[in-house]
Amino acid sequence: MTTFNVGIIAAPGFPERLSNKVIEDLPTILNRELNTDAEWHFHVTVDPLIGSAEDVNKSLDAAQNVKQEHNWDYGIVVTDLPIVSNRRVIVGNLDETHATALISLPALGWIGLRKKLKQSLLYFAESIYRSQHDDEANQQHKLNLSWITRIKPETAPLDDKQDNDMETATEQEDGDETSKSHTTTRFILKPLIISWIFLLFGMTRANEPWKEIPNFKKIISLSFATATYLTIFSTPWQMSIEFSNLRFILMTILAVGGMTLWIMYAHRLWEPPSSLTTRTYRTVYNITTVMTLLIIIALSYLILFVLLMISVALFVPNDLYNMMTSNHGIRTWGQFLYLTWFITSLGFLAGALGASVENEKKIRDMTYSYRQRARYREAKELESSKYYSSDSEKNIKEQKGG
């Protein structure tokens, strides 16, 4: 029985975890699609260089090196970095000659990410197999991940310039010159506008914003204390009756938007122009940071709303509500909801503006630009350590030989 070892070289964090979740039933599906009884083994490993290189050349070269190091048959990169070429979103690259491929998770969007990654891994593994075994008898299915998008394969030289990031011009040229591959098939996501929407939401999904909620406990607690204090005055109670729905919505937008801007400013999360970052990637990173923060702060707002709603329902009897407002008769749940809505927005604005998150490093790790710089430094240190260790081994051998 023929055995194939497929290595999945994942970027640290979310790509690694997702890759481990989808590999279990890949061998069975591959044998069914290829009509073989081969033995497939999928291995997931993490490589910091994969997480730091937006350049397709370097990612595929790294995949080739890791593949040879582990004696794998195929090497498939799974990265959380966007790939953009000539303003077009790239889902992945396939290098059949060297049995390597690359998948960009953000291009897969937000919904059904596990299923889409599985389909992509199957497609690239099947493509490499067919190219090596001249299997043209059975027509391979096209890569199609959503009914509102289509993916167009396009053959291109690998040394075509990508919209590279985190590298100087010299490093980009060096990466292109040292690339071991010549041509690849890139998979372009279309239509253009929808592809960019998929990319931005996919990058936001890769940030996993819901995991940062515990880092906002201080902001939520300050907002809760402020909102509770405001209830001792009659003005908020009466205004909750007088305000229209439009004003409530505007107050919510102001509270969430104001907090987002404050966190961006206080923790310096906006990526400024620099020689390391191209305008395309810098814009995408900043938009993703804003979207991620909006989700975190909106969830924090909802948590505060629920906590205040429980407090109002438990500790505000009908007589107290009538005394604090111009209401007469039995108060309704709608009136309680409006009161809670008003003090939630007010507490968020008055209590949390000026506050900071509990762990600044964690909130900065959430942003692509900061995470990329950390990965880039780690990759550089790893390359240096490998260079010096190999140089030391060479000197030791020469001394022994002498």
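Please refer to the structure placed before this passage.
Residues numbered from 1 in each chain as written. Predicted model: local features only at pLDDT ≥ 70, side-chain atom pairs only at ≥ 80, totals over all residues. Heavy atoms only, no water.

A. Local environment of the pairing of strand β5 (residues 88–95). A large share of β5 lies buried, amounting to seven of its eight residues. Bridge count between strand β4 (residues 84–85) and β5: two bridges; the pairing is antiparallel. Its bridge partner lying in β5, serine 85 is registered against arginine 88. Following β4, the chain reverses through two residues before pairing antiparallel with β5; asparagine 86 in that reversal takes a positive phi of roughly 55 degrees. Sheet analysis places β5 next to strand β8 (residues 183–190), joined by four bridges and oriented antiparallel. For isoleucine 90, the partnering residue across the bridge sits in β8 and is isoleucine 188. Direction of pairing for β5 relative to strand β6 (residues 100–104): antiparallel, over a ladder of four bridges. For asparagine 93, the partnering residue across the bridge sits in β6 and is leucine 102. (Buried < 20%, exposed > 50% of the residue type's maximum accessible area, 1.4 Å probe, protein only. Helix = DSSP H or I, 4+ residues; strand = E, 2+ residues; numbered from the N terminus. Pairing = 2+ DSSP bridges.)

B. Broad picture of the nonpolar core. In this structure, Trp40, Tyr74, Leu117 and Leu121 are the most contacted members of the largest nonpolar core, which totals 52 residues. Top element by residues in this core is helix α5 (residues 113–133). It accounts for nine residues. In this structure tyrosine 74 touches Phe4, Asn5, Val6, Gly7, Trp40, Lys67, Ala99, Ala125, Ile128, Tyr129 and Gln132, once residues within four positions along its chain are discounted. If you look at the next biggest cluster of nonpolar residues, it comprises 34 residues, including Ile219, Phe243, Met264 and Val357. (Core = buried A, V, L, I, M, F, W, Y, C linked by side-chain atoms within 4.5 Å. Contact = heavy atoms within 4.5 Å.)

C. Up close: unusual backbone geometry. The step from lysine 190 to proline 191 runs through a cis peptide bond, and the omega angle for that step is -5 degrees. Checked against the element boundaries, proline 191 lands in the loop between β8 and α7 (192–206). Backbone geometry places asparagine 86, a non-glycine residue, at a positive phi of 55 degrees. Position of asparagine 86 relative to the elements: it lies in the loop between β4 and β5. Accessibility expressed as a relative area gives 59% for asparagine 86, which makes it exposed. Phi is positive for glutamate 208, which is not a glycine, with a value near 50 degrees. Counting through the fold element by element, glutamate 208 comes out in the loop between α7 and α8 (217–230).

D. Layout of a nonpolar patch on the surface. On the surface, a cluster of nonpolar side chains totalling about 410 Å² of accessible area is made up of Leu192, Ile193, Ile197 and Phe201. Inspection of the secondary structure puts isoleucine 197 in helix α7. In this structure isoleucine 197 comes out as partly exposed when scored by relative accessible area, which is 43%. (Patch = residues over 30% accessible without salt bridge, like charges linked within 9 Å, V, L, I, M, F, W, Y side chains within 5 Å. Areas by Shrake-Rupley, 256 points an atom, 1.4 Å probe, with all protein chains shown as cover. Salt bridge = Lys/Arg side-chain N within 4 Å of Asp/Glu carboxyl O.)

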